[in-house]
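# Structure at a glance
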Amino acid sequence: MSWTVEPRDPRTQSEGVVAGYAHTARRWPSQPLVVRPHDTGELSGPAKLERRLPPSKADLAGRGASRALGQLIHVRARVVDEDGAPVPGALVEIWHCNSAGKYLHPNDSSDSPPDPNFRGNARLVAGDGGLVELRTIKPAAYSVPDTDGWWRPPHIHFSVWGRVWLSRLVTQMFFPGDPLNDHDAILNAVRDPDARARCIARMAPTAGGPGNALVYEYQLVVRGRKAAPRMP
Ligand SMILES: [Fe+2]
């Protein structure tokens, strides 16, 4: 069986080298990519990825005396294909900074304080409806080192693995109404306003929130013309 997927529209994707973000010049290829046929090593695996990379608890916030500082939120992310059909079984990795803007990562050299009760990252498997749900705290904005006053808006990083090694998408989810969204070099490297809007979660009615958390709903399209832009 064969099928075709609508190619991504370049306007809906990041420009690659982002003005004002020096790292992108080193990360983005300066030469055209060499097209190489894919072989079975790339198209037949990984088998049972969730066994090699086991899922974690869907809770970064903790409870009681072990509760992370910050505003409790509940993220409902739905992984869908180009037709809006759910992608059950997708392996979704999620990470973000704490409520002071500090990542749980050795490369974060900022003087923002760590939070010993904040887990920092989760690995989840999408259910039948393509849904992953995460209880966490809202990440803070943080300033980007060695820039002229660039602050990243609050955001959550997502990595989605599909059924083969080549089907991986890394992107970011943003929060509605944050004034920093309008100035973020990474979000605004996507030229199409509708594509940028798809990167921003929707706040659901508070009454529907489990455990009195604010609920954010986010649809993550993994391929086709409305695919989420690749972001670091
Ligand atoms: Fe980040």
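Look up: the structure comes first, before these words.
Remember, it's a predicted structure, so these values are computed and weren't measured experimentally.

### Quick word on empty space enclosed by the protein
This structure, assessed with the given rule, holds 1 cavity of 30 Å³ or more. Along the walls of the largest cavity sit Arg198, Cys199, Tyr218, Gln219, Leu220, Val221, Lys226, Ala228 and Pro229, which together make up its complete lining. Of the residues forming the lining of the largest cavity, the biggest block, 4 residues, is contributed by strand E10 (residues 214-221).

### With respect to the coordination of the iron ion
Within the first shell, the iron ion binds the protein through Tyr103 (OH), Tyr142 (OH), His155 (NE2) and His157 (NE2), at distances of 1.9 to 2.4 Å. In this structure, the iron ion is coordinated by 4 donor atoms arranged in irregular fashion, with angles at the metal of 92 to 167°.

### Here we look at the sheet that holds E10
Read across the sheet, 4 strands follow the order E4-E1-E10-E9 without closing on themselves; strand pairing throughout is mixed. Each of the sheet's edge strands pairs with one partner strand only, and the pair in question is strand E4 (131-137) and strand E9 (202-203). Strand direction decides the pairing type here: strand E1 (residues 72-80) and E4, joined by 7 bridges, are antiparallel. Pairing of Ala77 across the sheet is with Val132, part of E4.

### Things to note about the sheet that holds strand E8 (residues 168-174)
Ordered by their spatial adjacency, 4 strands build an open sheet running E3-E2-E7-E8, and the pairing between neighbours is antiparallel. In this open sheet, the two strands that pair with only one neighbour each are strand E3 (121-125) and E8. Pairs of neighbouring strands in the sheet enclose a mean axial angle of 20°, with direction left out of account. Note: strand E7 (residues 155-161) against E8, 7 bridges, orientation antiparallel. Residue pairing across strands places His155 opposite Phe174, the latter belonging to E8.

Rules of the game
Residues numbered from 1 in each chain as written. Predicted model: local features only at pLDDT ≥ 70, side-chain atom pairs only at ≥ 80, totals over all residues. Heavy atoms only, no water. 1 Å grid on protein atoms, 1.4 Å probe; cavity = no way out; pocket = protein on both sides within 12 Å on 5 of 7 lines; lining within 4 Å. Points joined across faces, edges and corners; volume = space filled by probe spheres on them. Helix = DSSP H or I, 4+ residues; strand = E, 2+ residues; numbered from the N terminus. Donors = N, O, S within 2.8 Å, 3.2 Å for Na, K, Ca; no water. Tetrahedral: all angles 85-135°; square planar, octahedral: opposite > 155°, others 65-115°. Pairing = 2+ DSSP bridges. Axes fitted to C-alpha atoms, helices over the stretch in contact; angles between N-to-C directions.

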